[in-house]
Amino acid sequence: MRLSVIQLGGVLGSNEIWFINIYASRGTWTMTAGQVTTSPLNWNASADDVYTAMDSELSAGGVTTLSVPGGWTIEFDGSLAGQSVFTQSPVTVNGSGLA
């Protein structure tokens, strides 16, 4: 199992973009943004699953998710556009449930 979280964008005035990379064959993971943690997501979650976790559970107010090779990109937009929302308190992933 391999897991990484990388901030791709988010300089002042641009949207924050995060890349979550998970190589696993089973299990679940959670994501924390600010001080709120999602419910567990399956290792092979779709972009829609990640979107639901971020937009609904975190009440992000605007998020776009895309499935990309090896993971997902998450862009904070809408009401969070152009803000450095999670730069001070980065997005983190707990992969202790992955194998």
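Residues numbered from 1 in each chain as written. Predicted model: local features only at pLDDT ≥ 70, side-chain atom pairs only at ≥ 80, totals over all residues. Heavy atoms only, no water.

Quick notes on the side chain of Asn21
Worth spelling out the cut-off: Secondary structure is summarised from DSSP: a helix means a run of H or I of at least four residues, a strand means a run of E of at least two, and numbering begins at the N terminus for each. Between two residues, a contact is recorded if the distance between any of their heavy atoms is within 4.5 Å.
Residue position: Asn21 is located in strand S2 (residues 17–23). Leaving out residues up to four positions away in the same chain, Asn21 has contacts with Arg2, Leu3, Ser4, Gly70 and Gly71.

Regarding the environment of Tyr51
We apply this condition: Categorising residues by exposure relies on relative accessible area from a 1.4 Å probe, with only protein chains included: less than 20% of the type maximum marks a residue as buried, more than 50% marks it as exposed, and the intermediate range marks it as partly exposed.
Along the polypeptide, Tyr51 turns up in helix H1 (residues 47–57). Exposure remark for Tyr51: the relative accessible area of 34% places this residue in the partly exposed category. Separated by 13 residues in the primary sequence, Tyr51 and Thr64 place their C-alpha atoms 6.7 Å from one another.

Here's the deal with the confidence of the model for the protein chain
The criterion, for reference: Per-residue confidence from the predictor is given as pLDDT, running between 0 and 100.
Chain-level statistics for the protein chain give a pLDDT mean of 84 and a share of 86% at 70 or above. Here strand S4 (residues 36–37) is the element of the protein chain with the lowest mean pLDDT, 82, and strand S5 (residues 41–42) is the one with the highest, 94.

A closer look at the pairing of strand S3 (residues 27–33)
For clarity, the cut-off: Paired strands, as defined in this entry, are two strands with at least two bridges between them according to DSSP.
Taken across its seven residues, S3 has five buried, putting it largely inside the fold. Where S3 lies against strand S8 (residues 92–98), five bridges are found, and the strand directions are antiparallel. Among the inter-strand pairings, Thr28 is bridged to a residue of S8, identified as Gly97. For S3 and S5, the ladder comprises two bridges, and the chain directions are antiparallel. Bridging from a neighbouring strand, Trp29 pairs with Leu41 of S5. In this structure, S3 lies alongside S4, joined through two bridges in antiparallel fashion. When the sheet's bridge partners are listed, Ala33 is paired in S4 with Val36. Two successive antiparallel strands, S3 and S4, enclose a turn made up of two residues, where Gly34 displays a positive phi of approximately 65 degrees.

Section: the environment of Ile17
Structurally, Ile17 is set in strand S2. With relative accessibility at 26%, the residue Ile17 sits in the partly exposed group. Each C-alpha atom, one on Ile17 and one on Ile6, is 8.7 Å from the other, the two residues being 11 residues apart in sequence. Ignoring anything within four residues of it in the chain, the contact list for Ile17 reads Ile6, Gln7, Leu8, Gly9, Ile74 and Glu75.

Quick look at the sheet that holds strand S1 (residues 2–9)
Note on sheets: strands pair through backbone hydrogen bonds, and any given pair is parallel or antiparallel. For clarity, the threshold we go by: Note on geometry: axes are C-alpha line fits, over the in-contact stretch for helices, and angles between N-to-C directions span 0 to 180 degrees.
As summarised here, the arrangement of the four strands in space is S1-S2-S7-S6, forming an open sheet in which the pairing is antiparallel. Both edges of this open sheet fall to S1 and strand S6 (63–68), since each of them pairs with a single strand only. Strand-to-strand twist of the sheet, defined as the mean angle between neighbouring strand axes without regard to direction, takes the value 15 degrees. Where S6 lies against strand S7 (residues 71–76), six bridges are found, and the strand directions are antiparallel. When the bridges of S7 are listed, Val68 appears paired with Gly71.

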